[in-house]
Amino acid sequence: MTGNGWLQILVFSVAVLCLTKPMGLYLLRVYDGSLRSLAPVERVIYRLCGVDPQDDQHWTRYAAALLLFSGVSMLVTYAALRLQGSLPLNPFHRAAVSDRQAFETAASFTTNTNWQSYAGETVMSYLSQMMQLAFHNFASAAAGVAAAVALARGIARRSGGRIGNFWTDLIRGTLYVFLPLSLILALVFVQQGVIQNFGSYVTVHTLEGAKQVLAMGPVASQEAIKQLGTNGGGFFNANAAHPFENPTAGTNFLSMVAIFVIPAGLTYTFGRMVKNQRHGWALWAAMFTLFAGGVTTAYWAEARGNPIHAARGVDVAATATNPGGNMEGKEVRFGIANSALYATVTTDASCGAVNAMHDSFTPLGGLVPLVNIQLGELIFGGVGSGLYGIIVMAVLTVFIAGLMVGRTPEYLGKKIQSREVQMAMLYVLIFPAVILLFTAASVVLPQGLAGLSNAGPHGLSEILYAFTSVTGNNGSAFAGLTGTTYYYNTLLGVGTLFGRFAMMVPMLALAGFLSERKTSPESAGTFPVASPLFVVLLLGVILIVGALTFFPALALGPVVEHLLMGLGRVF
Amino acid sequence: MDVAYILITLAFFGLMLAYVRGCERLGREAGRDGERP
């Protein structure tokens, strides 16, 4: 580890801290309806779509609208990918995407996951990239934030189960947040060297005399929303390790900030909505503590490298001319600190973009992205999903704290009783159930084992990572697993759907139930949710729920691999 | 397989809509069991 590496991590952290309040205030104005600069455009869209913006929907109608929008847009994307060969903007005559990959891709992009079992530059036409995949990058991100804001409304007011209007939230989020921010970021990316064109692929002769085809395309516009919307799907197969997607240290830094800025800002927005700003900062502090622990562990593990190298006389110490540590699968441009930081940020935030190959990390370095996702994608988390994930954990925290002292638990003045806890537990249990059941099936079925390229504990880690990633709607991969089979494409696609919607429904129900309760004034017996004690308890609940649920699987995967590496065995 | 994948998609979202109804019913039953807003 180097001082330079730590300095970069510190600068990143300060940047996120400084942007939290301004972004949070902006989001507040967007979702409380006070920002009206694009009102004429809004009105036209509402009229065209037949939306009544004043209609305050009951949570069941809000959830049904979200499901209807997602289901229909997923089917449209499936059809468009299957008909790609007959559609325009296809200068290289890409054939139809195969049925299994079209299903998985449509499910994956609809759910903000962006797990990709294809190489974008050789499978997708420009139309598919821009009209289908980019559409979902915007829409799934806006739907995620809408759901989080709906939960915040449920807590903030007493409205008999009414939590806002899904269509208004979706349209306002897209118009005021994702479109303008993506435009600005895309222009900065273009200035930094990210390509943006509809040109033909370019053939060049390398210094060795070989021929190489360089893929082109409208990359910067995709890259911006990919990061801001915590989508993560790359235009190119190499994702953010590709120099046309992420050419400089500047784009790398901006990408990471873009991933965190909206989820961090939402904690501030939430604090303002529930009129308890200190609670918003308490959630931010819990998220940051988990982020700091993750990046420290990943950086330490990767900088330490593989002890087998050191035992065989390889110089693994960092010097001015040698990065040291484990550089396998990492870009020389970014080095160890920025690879560890990027891996932590992208898996904290359900983004899934990568600038290094997680499969090549050391066992403990690879454990960090895996655990980050398994904690529930709430360390800042996906746009919207991070906030509602940590709010569900906060509800469980006050419930447990209430049980310990024998009082009816209250969260921000709302009583937490059996139905709220039932919804919170549904949310918490569905996630590991899908991951562990699908992983267990895949390690015993021949169809599951057929996709493995590594034996032993690393193979288990690859399968576990795949199902963790899709269910957590992350989308990054331990790329050693071959997922282009009917078995994996179908199961991973289904996993993304359960990971998104089977968790959103109880969360929206929780919002509706809380909105039916009156807000009690704070009393001497109220558990303070803005104190350091609350942050510690919240961290404990997150770690116990996440770590204990997955510990046996982790022990058989990365932990065993780490111990065997110490004995000289690698996989 | 196109029909199978379309049916899987429709079945999933149908299941989710039923899930919404189930959660709503759970909430109502909890209310009848003595929980008061």
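What you see is a predicted model, and the numbers here were worked out from it, not measured in a lab.

Scoring rules and cut-offs
- The written sequence of each chain sets the order in which its residues are numbered from 1.
- Chains and ligands are labelled by the order in which they are written, letters from A for the one and numbers from 1 for the other.
- Under the rules for a predicted model, residues below a pLDDT of 70 receive no local features and side-chain atom pairs below 80 are neither given nor counted, while totals for whole chains, interfaces and linings still include all residues.
- The basis for every side-chain value is the complete set of non-hydrogen atoms in the structure, without hydrogens or water.
- In this description a helix means any DSSP run of H or I spanning at least four residues, a strand means any run of E spanning at least two, and both kinds are numbered starting from the N terminus.
- Exposed residues in this analysis have more than 50% of their type's maximum accessible area, buried residues have under 20%, and partly exposed residues fall in between, with area computed by a 1.4 Å probe over protein chains only.
- Using a 1.4 Å probe, accessible areas were evaluated by the Shrake-Rupley method; residue-level cover was limited to the displayed protein chains.
- Here a polar contact is taken to be a pair of N or O atoms separated by no more than 3.5 Å, where protein atoms must pair a possible hydrogen donor with a possible acceptor and residues adjacent in sequence count only if both atoms sit in side chains.
- In what follows, a contact means two residues having at least one pair of non-hydrogen atoms within 4.5 Å.
- Basic side-chain nitrogens of Lys or Arg form a salt bridge, by our definition, when they fall within 4 Å of a carboxyl oxygen of Asp or Glu.
- Any two strands are treated as partners once DSSP identifies two or more bridges connecting them.
- Think of pLDDT as the predictor's per-residue confidence, scored from 0 to 100.
- Nonpolar cores are built from buried Ala, Val, Leu, Ile, Met, Phe, Trp, Tyr and Cys residues. Side-chain atoms within 4.5 Å join them into one set.
- Two parts lose some accessible area (1.4 Å probe) when they are put together, and adding that loss for both gives the buried area.
- Residues are grouped as follows: nonpolar covers Ala, Val, Leu, Ile, Met, Phe, Trp, Tyr, Cys and Pro; charged covers Asp, Glu, Lys and Arg; every other residue, Gly included, is treated as polar.
- Working rule for helices: expected span equals 1.5 Å times residues minus one.
- The bend at a residue is defined as the angle formed between two axes, one fitted to the seven residues ending at that residue and one fitted to the seven starting there.
- Lines fitted to the C-alpha atoms define the axes, with helices restricted to the stretch that makes contact. Angles between their N-to-C directions range from 0 to 180 degrees.
- With respect to orientation, any angle under 35 degrees is reported as roughly parallel, any angle over 145 as roughly antiparallel, any angle of 65 to 115 as roughly perpendicular, and every other angle as oblique.
- Left-handed describes a crossing whose near helix is turned anticlockwise from the far helix through less than a right angle; right-handed describes the clockwise counterpart.
- Within 6.5 Å between ring centres, the rings of Phe, Tyr and Trp (the latter by its six-membered ring) count as paired, and their orientation is classed by plane angle as stacked under 30 degrees, edge-to-face over 60, tilted in between.
- Think of it as a cone above the ring: NZ of Lys or CZ of Arg counts as a charge over the ring if it is within 6 Å of the ring centre and within 35 degrees of the ring normal.

Caption draft 1: Quick look at the overall build of chain B. Helix and strand counts for chain B stand at one helix and zero strands. By the burial criterion, 32% of the 37 residues in chain B qualify as buried. Of the roughly 2300 Å² of accessible surface on chain B, a fraction of 63% belongs to carbon and sulfur atoms.

Caption draft 2: The arrangement of the side chain of Asn137(A) in detail. Residue and element names in this part refer to chain A. Mapped onto the elements of the fold, Asn137 is located in helix H6 (residues 126-156). Asn137 sits in the buried class, given a relative accessible area of 3%. In this structure the side chain of Asn137 is engaged in a polar contact, spanning 3.1 Å, whose partner is the side chain of Asn114. Aside from chain neighbours lying at most four places away, what touches Asn137 is Phe109, Asn114, Ile225, Lys226 and Asn231.

Caption draft 3: How the structure looks around the pattern of salt bridges. Residues and elements named next belong to chain A. Under the definition given, this model contains 14 salt bridges over all chains. Residue Arg333 pairs with Glu331 through a salt bridge whose shortest N-O separation is 2.6 Å. On the accessibility criterion, Arg333 (37% relative accessible area) is partly exposed. Take Glu331: its relative accessible area is 23%, and that puts it in the partly exposed class. One salt-bridge network, in which partners are shared between bridges, spans Arg419, Glu420, Glu516 and Arg517.

Caption draft 4: Focus on the pairing of strand E2 (residues 211-214) of chain A. All names here are of chain A. Bridging between strand E1 (residues 202-205) and E2 involves four bridges; their strand directions are antiparallel. By the bridge assignment for E2, Val204 is matched with Gln212. What sits between the antiparallel neighbours E1 and E2 is a turn of five residues, in which Gly209 has the positive phi angle 95°.

Caption draft 5: A look at the environment of Thr485(A). Residues and elements named next belong to chain A. Looking at the secondary structure, you find Thr485 in the loop between helix H17 (456-471) and helix H18 (486-515). Distance in space between the C-alpha atoms of Thr485 and Val41 is 44 Å, their sequence separation being 444 residues. When sequence neighbours within four positions are dropped, the list of residues in contact with Thr485 reads Arg100 and Thr490.

Caption draft 6: Quick look at the confidence of the model for chain B. For chain B, per-residue confidence averages 87 on the pLDDT scale, and 81% of positions sit at 70 or higher. Confidence estimates for the predicted assembly give a pTM of 0.94 and an ipTM of 0.93.

Caption draft 7: The arrangement of the nonpolar core in detail. Residue and element names in this part refer to chain A. Formed by 180 residues in total, the largest nonpolar core has its most connected members in Phe178, Ile262, Phe270 and Tyr411. Among the elements that line this core, the one with the most residues is H18, at 18 residues. Excluding residues within four positions of it along the chain, Ile262 makes contact with Met23, Leu27, Val177, Phe178, Leu181, Leu228 and Val383.

Caption draft 8: Structural context of the interface of chain B and chain A. Taken together, the contact between chain B and chain A spans 22 residues of the former and 38 residues of the latter. Interface area, chain B with chain A, both sides summed: about 2500 Å², of which 74% is carbon and sulfur. Our count for the contact surface shared by chain B and chain A stands at one salt bridge. With a shortest N-O distance of 2.7 Å, Asp2(B) and Arg82(A) are connected by a salt bridge. Summed over the shared surface of chain B and chain A, the result is five residue pairs in polar contact (both at pLDDT 80 or more). Per-class residue counts for the side of chain B that touches chain A are 16 nonpolar, two polar and four charged.

Caption draft 9: A look at helix H10 (residues 277-304) of chain A. In this model, H10(A) (28 residues) spans 40 Å end to end at C-alpha, consistent with the 40 Å of a helix rising 1.5 Å per residue. A positive phi of about 75° marks Gly305(A), the residue just after H10(A).

Caption draft 10: Here's a closer look at helix H19 (residues 532-566) of chain A. Residue and element names in this part refer to chain A. Over its 35 residues, H19 extends only 38 Å from the first C-alpha to the last, a length that falls short of the 51 Å expected when each residue adds 1.5 Å. Of all the bends in H19, the greatest, near 60°, is centred on Leu554, and the proline Pro558 appears no more than four residues after it. Positive backbone phi, approximately 95°, marks Gly568, located one or two places after H19.

Caption draft 11: Summary view of the environment of Gln57(A). Residues and elements named next belong to chain A. Relative to the elements of secondary structure, Gln57 occurs in the loop between helix H2 (39-49) and helix H3 (59-82). Sequence separation between Gln57 and Arg304 is 247 residues; the distance between their C-alpha atoms is 54 Å. Apart from residues lying up to four places away in sequence, Gln57 is in contact with Tyr62, Ala65, Gly161, Arg162, Ile163, Gly164, Asn165, Phe166 and Trp167.

Caption draft 12: A look at the packing of H6(A) against H18(A). All names here are of chain A. Running from N to C, H6 and H18 point in directions that differ by 25°, and their axes come no closer than 7 Å. Classified by the interaxial angle, the pair formed by H6 and H18 is roughly parallel. You can see that H6 and H18 cross each other, and the crossing is left-handed. Judged by residue contacts, Ser140, Ala143, Gly144, Ala147, Ala150, Leu151, Gly154 and Ile155 of H6 engage Arg500, Met504, Met507, Leu508, Leu510, Ala511, Leu514 and Ser515 from H18. Of the residues that constitute the contact of H6 with H18, the class distribution is 11 nonpolar, four polar and one charged.

Caption draft 13: Main features of unusual backbone geometry. Residues and elements named next belong to chain A. Although it is not a glycine, Leu89 sits at a positive phi angle of roughly 55°. On the secondary structure map, Leu89 appears in the loop between H3 and helix H4 (99-110). Although it is not a glycine, Thr230 adopts a positive phi angle of roughly 45°.

Caption draft 14: Main features of the packing of aromatic side chains. Residue and element names in this part refer to chain A. This structure, assessed with the given rule, holds 35 aromatic pairs over all chains. Seen in terms of ring centroids, Phe438 and Phe467 are 5.7 Å apart; in terms of plane orientation they differ by 75°. Their pairing is edge-to-face. Within this pair, whereas Phe438 is found in helix H15 (residues 418-444), its partner Phe467 is found in helix H17, the two being separated by 29 residues in sequence. Neither Phe438 nor Phe467 differs from the other in exposure class; each is buried. Grouping aromatic residues by their ring pairs yields a cluster made of Phe12, Phe253, Phe260, Tyr268, Trp281, Trp284, Phe288, Phe291 and Phe380. Between the NZ or CZ atom of Arg100 and the centre of the ring of Tyr486, over which it lies, the distance is 5.6 Å. The aromatic ring of Phe361 is capped on one face by Lys330, whose charged end is 4.4 Å from the ring centroid.

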